[in-house]
Amino acid sequence: MQVGVLALQGAFERHIKTFQKIGVNALPVKSPDDLEQVDRLVIPGGESTAISMLLNLNSLRAPLQKRISEKMPVFGTCAGMIVLSKTVLDGREDQIPLNAIDITVRRNAFGRQIDSFESELEVKGLNEPFPAVFIRAPIVESVGNSVEVYARVNGQIVLCGNDSTLVTSFHPELSDDNRIHEIFLSIESKDR
Amino acid sequence: MTNSETNSQKTGTVRVKRGLAEMLKGGVIMDVVTPDQAKIAEDAGAVAVMALERVPADIRADGGIARMSDPEMVEGIQSVVTIPVMAKARIGHFVEAQILEALGVDYVDESEVLTPADEKHHIDKWAFTVPFVCGATNLGEALRRISEGACMIRSKGEAGTGNVIQAVRHLRTILGDIKKIGQADSAELYDWAKRLQAPVQLVEEVAETGLLPVPMFCAGGIATPADAALVMQLGAQAVFVGSGIFKSENPEPRARAIVEATTNYANPEILAKVSKGLGGPMTGIGMDELSIKLEERGW
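Description of the structure in this document. (Residues numbered from 1 in each chain as written. Chains lettered and ligands numbered in written order. Predicted model: local features only at pLDDT ≥ 70, side-chain atom pairs only at ≥ 80, totals over all residues. Heavy atoms only, no water.)

**As for the overall build of chain B**
Definition in use: Only DSSP runs of H or I with at least four residues qualify as helices, and only runs of E with at least two residues qualify as strands; both kinds are numbered from the N terminus onward. Accessibility here uses a 1.4 Å probe with only protein chains present; expressed as a share of the type maximum, an area under 20% marks a residue as buried, one over 50% as exposed, and anything in between as partly exposed. Reported accessibility uses the Shrake-Rupley method at a 1.4 Å probe radius. Residues are deemed covered only where the shown protein chains occlude them. Think of it this way: Lys and Arg go in the positive column, Asp and Glu in the negative one, and His and the chain ends go nowhere. Throughout, a charge is located at the NZ atom of Lys, the CZ atom of Arg, the CG atom of Asp or the CD atom of Glu.
Each helix and strand in chain B was counted, giving 13 helices and ten strands. Principal-axis analysis of the C-alpha atoms places the extent of chain B at approximately 55 × 45 × 40 Å. Taking all 299 residues of chain B together, 60% fall into the buried category. Total accessible area computed for chain B in this model is approximately 11,500 Å², and 50% of it derives from carbon and sulfur atoms. Here chain B contributes 30 positive and 40 negative side-chain charges, whose respective centroids are spaced 3 Å apart.

**Quick notes on the environment of Ala57(B)**
Along the chain, Ala57(B) falls in helix α3 (residues 56-62). Once the C-alpha coordinates of Ala57(B) and Gly284(B) are considered, the two residues, 227 residues apart in sequence, prove to be 8.8 Å apart.

**Digging into the packing of aromatic side chains**
Spelled out, the test is: Each Phe, Tyr or Trp ring, with Trp reduced to its six-membered ring, pairs with another whose centre is within 6.5 Å; inter-plane angles below 30 degrees give stacked pairs, above 60 give edge-to-face pairs, and intermediate values give tilted ones. Any Lys NZ or Arg CZ found within 6 Å of a ring centre and within 35 degrees of that ring's normal is scored as a charge over the ring.
Under the counting rule described, the total for this entry stands at eight aromatic pairs over all chains. Each ring, one from Phe130(A) and one from Phe170(A), has its centre 5.8 Å from the other, and the planes form 45°; the classification is tilted. Separated by 40 residues along the polypeptide, Phe130(A) in strand β8 (residues 130-134) and Phe170(A) in the loop between β12 (165-168) and α6 (179-185) bring together distant segments of the chain. Per residue, the accessibility class of Phe130(A) equals that of Phe170(A), and both read buried. The positively charged end of Arg40(A) is found above the aromatic ring belonging to Phe184(A), 5.5 Å away from the centroid. Geometry around Trp192(B) places Arg195(B) over its ring, the cationic atom sitting 4.5 Å from the centre.

**Side note on helix α12 (residues 251-263) of chain B**
The condition is simple: An expected span of 1.5 Å times one less than the residue number is assigned to each helix. Residue contacts are counted whenever heavy atoms from the two residues lie within 4.5 Å of one another.
Compared with an ideal rise of 1.5 Å per residue, which puts 13 residues at 18 Å, α12(B) spans 19 Å between its outermost C-alpha atoms and is within 8% of the ideal. Considered for burial, the residues of α12(B) that qualify are Pro251(B), Arg254(B), Ala255(B), Ala257(B), Ile258(B), Val259(B), Glu260(B), Ala261(B), Thr262(B) and Thr263(B). Tucked inside the fold, the buried residues of α12(B) contact α3 (48-57) of chain A together with β3 (28-32), α10 (225-234), β10 (239-241), α11 (243-246) and α13 (268-274) of chain B.

**What about the interface of chain B and chain A?**
Stated formally: The term buried area means the drop in 1.4 Å probe accessible area that two parts suffer when joined, counted for both and summed. By definition here, a salt bridge exists when the distance from a side-chain nitrogen of Lys or Arg to a carboxyl oxygen of Asp or Glu is within 4 Å. Polar contacts, as counted here, are pairs of nitrogen or oxygen atoms within 3.5 Å of one another; within protein the pair requires one atom able to donate a hydrogen and one able to accept it, and residues that are adjacent in sequence qualify only if both atoms are side-chain atoms.
The interface is formed by 45 residues belonging to chain B together with 40 residues belonging to chain A. Of the roughly 3,300 Å² buried between chain B and chain A on both sides combined, carbon and sulfur atoms contribute 53%. Taken together, the connections running from chain B to chain A amount to six salt bridges. Summed over the shared surface of chain B and chain A, the number is 20 residue pairs in polar contact (both at pLDDT 80 or more). Every element with two or more residues in the side of chain B that touches chain A is listed here: β2 (9-11), α1 (14-24), α2 (35-43) and α12 of chain B. In terms of residues, the side of chain B that touches chain A owes the most to one element, α1(B), which gives eight residues.

**A few points about the packing of α3(A) against α12(B)**
Two quantities define a packed helix pair, namely the angle between the axes and the distance from one axis to the other. For clarity, the cut-off: Angles shown run from 0 to 180 degrees and are taken between the N-to-C directions of axes, each axis being a line fitted to C-alpha atoms and, for helices, limited to the stretch in contact. An angle counts as roughly parallel when it lies under 35 degrees, as roughly antiparallel when it exceeds 145, as roughly perpendicular when it falls between 65 and 115, and as oblique in every other case.
Following both chains from N to C, one finds α3(A) and α12(B) inclined at 85°, their axes separated by 11 Å at the closest point. Classified by the angle their axes make, α3(A) and α12(B) are roughly perpendicular. On α12(B), the residues touching Met53(A), Leu54(A) and Leu57(A) of α3(A) are Arg256(B), Val259(B), Glu260(B) and Thr263(B).

**Examining unusual backbone geometry**
Residue and element names in this part refer to chain A. In the Ramachandran plot, Ser59 falls in the positive-phi region, its phi being about 55° despite a non-glycine side chain. The residue Ser59 is located in the loop between α3 and α4 (61-69) in this model. Despite not being glycine, Asn108 shows a phi value in the positive range, around 45°. Residue Asn108 is classed as partly exposed on the basis of its relative accessible area, which comes to 24%.

**Observations concerning the pattern of salt bridges**
Oppositely charged side chains can pair when the atoms bearing their charge come close. Per the stated rule, a full pass over the model turns up 32 salt bridges over all chains. A salt bridge links Lys25(B) to Glu13(A), with the shortest nitrogen-to-oxygen separation between them at 3.9 Å. Residue Lys25(B) is found in the loop between α1 and β3, and its partner Glu13(A) is found in helix α1 (residues 12-21); the two belong to separate chains. The exposure class of Lys25(B) is buried, given its relative accessible area of 9%. Judged by relative accessible area, Glu13(A) falls into the partly exposed class, the value being 40%. Glu22(B) is the partner of Arg14(A) in a salt bridge, and the nearest nitrogen-oxygen pair spans 3.0 Å. With Arg14(A) in helix α1 and Glu22(B) in helix α1, this residue pair bridges two chains. Among the charged side chains, a salt-bridge network with shared partners connects Arg92(A), Asp94(A), Lys39(B), Glu42(B) and Asp43(B).

**Considering α10(B)**
Residue and element names in this part refer to chain B. Along α10, the residues classified as buried are Pro225, Asp227, Ala228, Ala229, Val231 and Met232. Of the surrounding elements, those touching the buried residues of α10 are α7 (165-183), β9 (216-218), β10, α12 and α13. Backbone geometry just after α10 places Gly235 at a positive phi near 125°.

**Details of the pairing of strand β6 (residues 103-106) of chain A**
Residue and element names in this part refer to chain A. Applicable threshold: The pairing criterion is simple: DSSP has to find at least two bridges between the two strands.
Looking at chain direction, strand β5 (residues 87-89) and β6 are connected through three bridges and run parallel. Bridging from a neighbouring strand, Thr87 pairs with Thr104 of β6. Pairing between β6 and strand β9 (residues 139-143): four bridges, direction antiparallel. Across the sheet, Arg106 pairs through a bridge with Ile139, a residue of β9.

**Quick look at the environment of Phe217(B)**
Residues and elements named next belong to chain B. As for its placement among the helices and strands, Phe217 is situated in strand β9. Using a relative accessible area of 0% as the deciding quantity, one classes Phe217 as buried. Note: C-alpha distance between Phe217 and Ala238 (21 residues apart in sequence) is 4.8 Å.

**Quick word on a nonpolar patch on the surface**
Going by this rule: Patches in this entry comprise residues that are over 30% relatively accessible and not in a salt bridge; like charges within 9 Å are linked, as are nonpolar side chains (Val, Leu, Ile, Met, Phe, Trp, Tyr) within 5 Å.
There is a patch of nonpolar side chains on the surface, built from Phe94(B), Val95(B) and Ile99(B) and spanning about 240 Å² of accessible area. Tracing the sequence through the fold places Val95(B) in helix α5 (residues 94-102).

Quick look at the structure:
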């Protein structure tokens, strides 16, 4: 298994470090050639508008869209969740998501940076709460039938997935806790 | 505002404050003076904008006292972009910082580009929920700012000059000392702390991790895509571009080219492609032509 982390902008190094801690060597992905070498991909936190634009500028959108349609396992955190969603609210008009998971996402749903927070999150399938870091975080406003919900904050969905996709509103790469990354690694690959 | 706890949700923690800086890595933060410029910056792929009344090149040309921007102007910019909005407070002017926090800016820059308000004390940044970025010319200055609560450091460079030489000098100074500290034994770390005038705990942390405890970005004099790639290759984690975009002949393509160059900083083919046909950069100033050195502000 070769894990990749989209390295256009954002907290990609923190994801690579988290994988290192669990003994997995992750490759930074900046180009279509890099993408060819990986069989699962993380889209990190960052600014979703910038990441979305850089996908176009670095000729990654079409090949990534194709891999997603072939069910390559993908994991999006915060901005990554926005990029992988079906519909974005409060985004830019030219910000077209990749539709890896049937969710509608609202950007900056908790407010500005002063409203960013940490919370001990109850996650379905985990015995102990997860120390979740929310930074200008989005929320999932609605989900389709194919989506399973794993965690909520104030009733709002912040962690969900389908058979090949995992998305979080928060930043597991900023916590010293590898459990969400391990869940992503456990997704069975149907791609290739 | 201070750290608060509601529904076991903790705001203003170190992780939350440094976390936003992590999200800006690999990106470009652009100085803007109007909502229109803020839109151009966001359209070009900026990860954040710095809202201010005059870019450093104009502050330099106009002289006089440079202060926090008019709140109405900051709000005007907040209302047109979805990316984070930063704003500058004078060194030591904690009330300007309180006002910026009340406006909901996402990061406060305690900046030497404005006229200092306190000749001895920087702001106690731990007292705020909003995170702070501060400039530094060397490792001691960076660690002193971090000990005061800064959650991001930017190497200062010399703002408003379009001349990258000081940015390079400051980056090399900070990163060079970090490398040397990595080689020092435990006894030598106390001497390093004394020489750097920085807390020994932070010096030990640098020795152990080989990194600053917070993200380190680069500012001051970046005017071309090649400049941005240069400081990224030297070890900056993101770039601030002040006068370099909106004092150039053709801001839109230059802004986008600097964004592309910052992402693809190690790829000369892409750097060559994005550097083409951008029109004239800002004219710039040589160091020996300067009457005021902004980098010397801060202690």
